[in-house]
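Residues per chain are reported as follows:
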Amino acid sequence: MPVCGSGCGSFSVAPAGARRIAGLWLYSLRGCGRIALYLPPNPTFAEAIVSNAEQLEKIKTAPGFIAALDQSGGSTPKALGLYGVTDDAWSNDEEMFTVVHQMRTRIMTSPSFGGDRILGAILFENTMDREVEGQSTAGYLWNVKKVVPFLKVDKGLADVENGAQVMKPMPDLDALLEKANAAGIFGTKMRSVIKEANETGIKAVVDQQFEIGRRIVAAGLVPIIEPEVDIHCPDKAAAEDILHAHIKAHLDSLGADEIVMLKLTLPEKDNLYADFVAHPNVARVVALSGGYSREEANDRLSRQNGMVASFSRALAEGLFAQQSDEEFDATLNASIASIAAASAT
């Protein structure tokens, strides 16, 4: 039924003109001009829609940060190496992903990891397909931890051209988005990289990110648009100024119901992205650590008002497979506390 305070009638099917935005069916009510939320009669589906409304509100307004747990095939051995697990612990990709899922499960099930300080978690597809304590990973994150689940959807980076790397083609994107919706995923993440202050290359990156981002919005998910500026970029500040201009142009062209998130490198100019934080089409602006140490990333982040962390390596810094549960939880708690504090500015 529609949620409307004026006593408008109820519906058993989605009304004509309803649009799905961030997983919610919204439409204008004739005669009263109000925007209504349609809740279908199927209780399971209706509960999922209510969960999406809670998740969107959490992402937009709650304190905390996003945990990036989305290392894929190419970056997994490095992540496991930093965790103290060498490549003789597996003999094929499936065994490697089982080992990394054990690491991620240890993080997610830690008493320190919860929705009071963690807004969301970004997952690799293989992680989404697995279970944590008898539930799907996305289900465990939201049902047990109240952490909003996101899915990495890109297939890696193309070769450098014009000082930038756009994303490789994603021929199966529509099927993956359908799978993500069925798994209870709220949003997506996709990464490009900018290595030089090259207008042509930066424009290509941003154009591709928003073109695919709009497809993701149309599928009912919230995309995290991530055009990373390499921290070793020779003229990083100039590259960030060019990037800002191109992102702003795309944000200003979005329809009122097209909601995105941005994941950006911590900038050289403090509060460069403050206008994105306040933009009506942006649910949240998050920062990547990009190779900075956790200490430096936290310091830079603390100077960006309204921007919160989305750290991967910096979050897991200091965690080792050989630690006792008590040592592991204490280290993770300290890491989460420092990143949450830097995000609360």
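Residues numbered from 1 in each chain as written. Predicted model: local features only at pLDDT ≥ 70, side-chain atom pairs only at ≥ 80, totals over all residues. Heavy atoms only, no water.

Colleague: Lay out the packing of aromatic side chains in plain terms, naming residues and giving numbers.
Modeller: The geometry of an aromatic ring pair is captured by two quantities: the separation of the ring centres and the angle between the planes. Tallied over the full model, the rule gives 3 aromatic pairs. Seen in terms of ring centroids, F150 and F186 are 5.6 Å apart; in terms of plane orientation they differ by 85 degrees. Their pairing is edge-to-face. With F150 in strand β8 (residues 148-152) and F186 in the loop between α6 (173-183) and β10 (187-194), the pair connects residues that are 36 residues apart, well separated along the chain. Residue F186 is classed as buried on the basis of its relative accessible area of 1%. (Phe/Tyr/Trp six-rings, centres within 6.5 Å; stacked < 30°, edge-to-face > 60°. Helix = DSSP H or I, 4+ residues; strand = E, 2+ residues; numbered from the N terminus. Buried < 20%, exposed > 50% of the residue type's maximum accessible area, 1.4 Å probe, protein only.)

Colleague: For the layout of surface pockets, give the residues involved together with the corresponding values.
Modeller: Each pocket or cavity is described by its volume, and for the largest pocket that value is around 1,100 Å³. Around the largest pocket, the lining is made up of 39 residues, and of these Q71, S75, R191, S312 and R313 lie nearest the centre. Mapped by element, the contributors of at least two residues to the lining of the largest pocket are α2 (76-82), β10, β11 (222-229), β14 (308-311) and α11 (313-316). A breakdown of the residues in the lining of the largest pocket according to their chemical character gives 13 nonpolar, 13 polar and 13 charged. (1 Å grid on protein atoms, 1.4 Å probe; cavity = no way out; pocket = protein on both sides within 12 Å on 5 of 7 lines; lining within 4 Å. Points joined across faces, edges and corners; volume = space filled by probe spheres on them. Nonpolar A, V, L, I, M, F, W, Y, C, P; charged D, E, K, R; others polar.)

Colleague: Account for α6, with residues named and values stated.
Modeller: Count 3.6 residues to each turn of an α-helix, and residues three or four apart come out pointing the same way. Inspection of α6 places L173, L176, L177 and A180 among the buried residues, and these make up the whole buried set. For α6, the angular spread of buried residues about the axis comes to 100 degrees, placing them on one side. Of the exposed residues in α6, the ones pointing more than 90 degrees away from its buried face are D174, E178 and A182. Following α6 by one or two positions, G184 has its phi on the positive side, about 85 degrees. (Arc of directions from axis to C-beta.)

Colleague: Account for helix α12 (residues 325-343), naming residues and giving values.
Modeller: Taking 1.5 Å per residue, 19 residues should reach 27 Å; α12 reaches 26 Å between its end C-alpha atoms and fits that length. Looking at α12, one finds that the buried residues are F328, L332, S335, I336, I339, A340, A342 and S343. Viewed along the axis of α12, the buried residues span an arc of 160 degrees, placing them on a single side of the element. Residues of α12 that are buried make contact with β4 (65-69), α3 (93-108), β5 (118-123), α10 (294-302), β14 and α11. (Expected span 1.5 Å × (residues − 1). Contact = heavy atoms within 4.5 Å.)

Colleague: Talk me through the side chain of H101; I want residue IDs and the actual numbers.
Modeller: With respect to the helices and strands, the residue H101 is situated in helix α3. Residue classification places H101 among the buried residues on the basis of a relative accessible area of 8%. Apart from the residues within four sequence positions on either side, H101 is in contact with T127, R130, E131, V132 and T137.

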